[in-house]
Each structure stands twice: as C-alpha cells, then as structure tokens.
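Spelled out, the chains give:
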Amino acid sequence: MVLALTVCGIVVVLVVVGLFVFGLRRRLIQRSGGTFDCSLRWDAPEEGDAGGKGWAYGVARYNGDRVEWFRVFSYAPRPRRVLERSAIEVAGRRVPEGEEELALLSDSVILACLHRGTRLELAMSEDALTGFLAWLEAAPPGQRVNVA
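Here the structure is a predicted model, which is why all the values come from computation and not from measurement.

**Observations concerning the environment of L133**
Phase 1: One can find L133 in helix α3 (residues 126-137).
Phase 2: Considered as a pair, L133 and L111 are 22 residues apart in the sequence and their alpha carbons are 9.9 Å apart.

Printed below as a string of structure tokens:
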C-alpha cells in the first residue's frame, strides 16, 4: 500500500514538473516579444488539397531577418524551423477548407509560401498575417521580397 502511494506521488510530481517546464519554455520563447500563434504545414500538398493532415500548431517569433517557428507541444529549446525573410516567396492566401477547419484555430487565414524551393503553408490570425506581410515588405534596401 505504501509502495503504491509512493509511486502515485512520484507520478503526480513528474506530471506537475513536466507541465511547469512546458509552460516555462513557452514563456521564455515569448519573453523577447514579437511572437504570434502560427500553425505550419511543411512540404504542403499542391493547391486544391484541403485535407487537415500535416498541420502542426506552434508559435513563431521574429528574430531580425528570420522567423523562428517552435512547436507548441515540445520541450525543445531551439526552433523547429527557421524561415529567412529573403528566401520567403508568398504564393497566395486562402481560408481553411474541409478538414482544415477542424485542424486549425477558428480565425485562421492560410498563407501559401515557398522557402528555398519547399512549399509550405502558414496559418495565423488576420492580425498576425498583416504583421507578417508588413515584416516581409520591410526588408532592408537591396533585398528581394516576393509578396503576391
């Protein structure tokens, strides 16, 4: 009986510590400012495929001429993807369709992009999209920016 209570106590403590570290990581990512909720679909399928597969919920952070994307449900201290402003080409925008409506946040707008030849899609709120497009267009003089 004592052993069972000890094991249960250890499990509860480990869960609480895990949740604390999870929250602390998110707080540290957001501490420097310039963050927004952003789902990402890397190697996105061609247009017309509105399946909800491949989307990962995350937080993006502006860092100079890069956007760093972190998975929300991860303990990794480093970004999962890094998008360089000069390498991002915007191909278009659309609203979620079909199963995507269930996979994404309710007010999301999807931005189709190319990054170094890889097709990807970013889903974010309308306000975050406005900020992202402004950031793209605010490239230093002489840099190529492709916004459709």
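Now that the structure has been shown, we can carry on.
**Brief notes about the sheet that holds strand β3 (residues 58-63)**
Phase 1: One open sheet holds the four strands; their spatial order is β1-β3-β4-β5, and the pairing between them is antiparallel. Looking at strand neighbours, the two that pair on one side only are β1 (35-37) and β5 (81-84), the edges of this open sheet. Taken pair by pair, the neighbouring strands of this sheet meet at an average axis angle of 25°, ignoring direction.
Phase 2: Bridge analysis of β1 against β3 gives three bridges, and the strand direction is antiparallel. Across the sheet, D37 pairs through a bridge with V59, a residue of β3.
Phase 3: Packing against the sheet, helix α1 (residues 2-31) makes contact with β1, β3 and β4 (66-71), and its axis sits at approximately 30° to β3.

**Let's talk about the sheet that holds strand β6 (residues 88-94)**
Phase 1: Taken together, four strands build an open sheet; the order of strands is β2-β8-β7-β6 and the sheet is antiparallel. A single partner strand is all that each edge strand has here, and the edge strands are β2 (39-42) and β6. Within the sheet, the average angular offset between the axes of one strand and its neighbour, ignoring direction, is 25°.
Phase 2: Taken together, the eight bridges between strand β7 (residues 108-115) and strand β8 (residues 118-125) define a ladder with antiparallel strand orientation. Across the sheet, the residue bridging to L111 is L122, located in β8.
Phase 3: The sheet strands contacting α3 are β6, β7 and β8, and the helix crosses β8 at an angle near 130°.

The rules behind each value
Residues numbered from 1 in each chain as written. Predicted model: local features only at pLDDT ≥ 70, side-chain atom pairs only at ≥ 80, totals over all residues. Heavy atoms only, no water. Helix = DSSP H or I, 4+ residues; strand = E, 2+ residues; numbered from the N terminus. Pairing = 2+ DSSP bridges. Axes fitted to C-alpha atoms, helices over the stretch in contact; angles between N-to-C directions. Contact = heavy atoms within 4.5 Å.

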